[in-house]
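# Structural features, examined
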Amino acid sequence: MARLSVVIPAFNEAERLPPTLQEIIRYLGAMPEWLPAELIVVDDGSLDGTAEAAAAIEVPGGLARAVIRHPRNRGKGAAVRSGFLESHGAQILLCDADLASPIDQLAVLAASGARDAVRIGSRALDRSLIAIRQPSYRDLMGRTFNLAVRALLLPGIHDTQCGFKLFPGHLGRALAAAQRIDGFAFDVELLFLARRWGAPLVEVPVCWRHIEASRVRPIKHSAQMLRDLTWLRLRAAAGTLPPAPPLPQPEGRDRG
Ligand SMILES: Nc1nc2c(ncn2[C@@H]2O[C@H](COP(=O)(O)OP(=O)(O)O)[C@@H](O)[C@H]2O)c(=O)[nH]1
Ligand SMILES: [Mg+2]
């Protein structure tokens, strides 16, 4: 059983992904406590050879690599769902292809809260950790979205959208099986369900830097995300969200 699955959703990431994979491989190679580990890249209908670029990276012993392909672009949430459902790790790290949070922040997540908690990398708690800020319109979009999330669904959580989170493996796979949102609001659905099912959520300040060439399209994706938040809130109010499935005991007790 892998101790760690690193799931990387990737849309047109042929350029950014190879150095990211190399960095993760180098980091995990020096961290035997995380091995064996698996890297799962989900190519979400990219047109630039992302899957081939991921498959071409050499992977040393102790690490496995899987590349999942969606024939058509379905959204970050859909890609994360596919990656989580294919994972085997005792813990799952969800990580963006541009490694906006450096991979060494995994140790920061792992050291915060219990291993049965969802550990949420956050840019909102300690702004001094942000090496390069987003353009101010993106920052404002993010803050507004998170304000709505706190008011409607997740009181107390200040940044649901950072692409760096650590899930207990069984919980992550159960959440992915229940997840319905395919777009960028999927983080909110996963966290909302996790809390509802009784899992502790721990928000952890992590280092982060803005990296250019975003795949996010402000108008289209903001509208989609607000629609998905509303849908989730209505489902919660109507009591039609899926109940917690029986979860096995967490595997392996050797990692904090
Ligand atoms: N699967 C999938 N992943 C996406 C999509 N759009 C963005 N991503 C991935 O989501 C992560 C964050 O995207 P990025 O463009 O860095 O967003 P930003 O940092 O919020 O501006 C990266 O790993 C992207 O490859 C999409 O439509 N499908
Ligand atoms: Mg990014």
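Residues numbered from 1 in each chain as written. Chains lettered and ligands numbered in written order. Predicted model: local features only at pLDDT ≥ 70, side-chain atom pairs only at ≥ 80, totals over all residues.

### Some words on the overall build of the chain
Short version of the rule: A run of H or I in DSSP counts as a helix once it spans at least four residues, and a run of E counts as a strand once it spans at least two, with each numbered from the N terminus. Within these notes, the globule rule equals 2.2 Å times the number of residues to the 0.38 power, and the radius of gyration is based on C-alpha atoms. Put plainly, a residue is buried at 20 or more neighbouring C-beta atoms within 10 Å of its own, exposed at 12 or fewer, and partly exposed in between, counting only other residues' C-beta atoms, which are placed from the backbone.
Check the secondary structure of the chain and you find 8 helices and 9 strands. Expected size for 256 residues packed as a compact globule is a radius of gyration near 18 Å; at 17 Å, the chain falls within 12% of this value. For the C-alpha atoms alone, the extent of the chain along its principal axes is close to 50 × 40 × 40 Å. Out of the 256 residues belonging to the chain, those deemed buried represent 43%.

### Thoughts on the nonpolar core
Inclusion rule: Here, a nonpolar core denotes buried Ala, Val, Leu, Ile, Met, Phe, Trp, Tyr and Cys residues that are linked to one another through C-beta atoms within 7 Å.
Grouped together as the largest cluster of nonpolar side chains are 67 residues, with contacts concentrated most on Val6, Val7, Val188 and Leu191. Top contributing element to this core by residue count: helix 7 (residues 186–196), with 7 residues.

### A look at the site of ligand 1
Going by this rule: What makes a residue near a molecule or strand is its C-beta atom, placed from the backbone, lying within 6 Å of it. Three residue categories are used. Nonpolar comprises Ala, Val, Leu, Ile, Met, Phe, Trp, Tyr, Cys and Pro, charged comprises Asp, Glu, Lys and Arg, and polar comprises the others, including Gly.
For ligand 1, the set of nearby residues contains 18 residues, the closest of which are Asp44, Ala79, Ala97, Ser214 and Arg215. Elements represented by at least two residues in the shell around ligand 1 include exactly strand 1 (4–10), strand 2 (37–44) and helix 3 (76–85). In the shell around ligand 1, the residues fall into 8 nonpolar, 4 polar and 6 charged.

### Re the sheet that holds strand 1
Using the following cut-off: Strands pair, by our definition, only if DSSP identifies at least two bridges between them. Between the N-to-C directions of two axes lies an angle of 0 to 180 degrees, each axis being a line fitted to C-alpha atoms and, for a helix, fitted only over the stretch in contact. With C-beta atoms placed from the backbone, a contact is any residue pair whose C-beta atoms sit within 7 Å.
A sheet is described by the order of its strands in space; here 7 strands give the open sequence 3-2-1-4-7-5-8, paired in mixed fashion. Two strands in the sheet have a free side with no partner beyond their single neighbour: strand 3 (63–70) and strand 8 (201–205). Recorded for the sheet is a direction-independent mean angle of 20 degrees between the axes of neighbouring strands. Two elements, strand 5 (residues 118–122) and strand 7 (residues 164–168), share 2 bridges in a ladder whose sense is antiparallel. Pairing of isoleucine 120 across the sheet is with lysine 165, part of strand 7. Strands strand 1, strand 2, strand 3 and strand 4 (91–95) of the sheet are contacted by helix 3, whose axis makes an angle of about 150 degrees with strand 1.

### Section: the confidence of the model for the chain
Rules: Confidence per residue, as judged by the predictor, is encoded in pLDDT with a range of 0 to 100.
Of all residues in the chain, 97% attain a pLDDT of 70 or more, and the chain-wide mean is 94. Every residue in residues 252–256 is under pLDDT 50, and counting partners more than four places away or in other chains gives 10 contacts.

### Focus: helix 7
With 9 of 11 residues buried, helix 7 lies mostly within the body of the structure. Burial in helix 7 covers these residues: Phe186, Asp187, Val188, Glu189, Leu190, Leu191, Phe192, Leu193 and Ala194. For helix 7, the elements touching its buried residues are helix 3, strand 5, helix 5 (136–152), helix 6 (169–178), strand 8 and helix 8 (218–238). Just beyond helix 7, the residue with positive phi is glycine 198, at close to 95 degrees.

### What to know about the packing of helix 6 against helix 7
Rule in force here: Each crossing gets its handedness from the near helix: less than a right angle anticlockwise from the far helix is left-handed, clockwise is right-handed.
Between helix 6 and helix 7, the shortest axis-to-axis distance is 10 Å and the interhelical angle comes to 115 degrees. For the element pair helix 6 and helix 7, the recorded crossing hand is right-handed. Where helix 6 approaches helix 7, its residues Leu171, Leu175 and Ala178 are matched on the opposing element by Leu190, Leu193 and Ala194.

### Concerning the pairing of strand 1
With 7 of 7 residues buried, strand 1 is to be regarded as a mostly interior element. The two faces of strand 1 match: Leu4, Val6, Ile8 and Ala10 on one face and Ser5, Val7 and Pro9 on the other face are all buried. Strand direction decides the pairing type here: strand 1 and strand 2, joined by 7 bridges, are parallel. Counterpart to proline 9 in the pairing with strand 2 is valine 42.

### A short note on the packing of helix 3 against helix 6
This is how the line gets drawn: We call two directions roughly parallel when the angle between them is under 35 degrees, roughly antiparallel when it is over 145, roughly perpendicular when it lies between 65 and 115, and oblique otherwise.
For the pair helix 3 and helix 6, the least separation of the axes is 9 Å and the interaxial angle reads 135 degrees. Judged on the interaxial angle alone, helix 6 and helix 3 are oblique. The element helix 3 and its partner helix 6 pack so that their crossing is left-handed. Residues Arg81, Phe84 and Leu85 of helix 3 touch helix 6, and the partners they reach there are Gly172, Arg173, Ala176 and Ala177. For the contact of helix 3 with helix 6, a count of residues per class yields 4 nonpolar, 1 polar and 2 charged.

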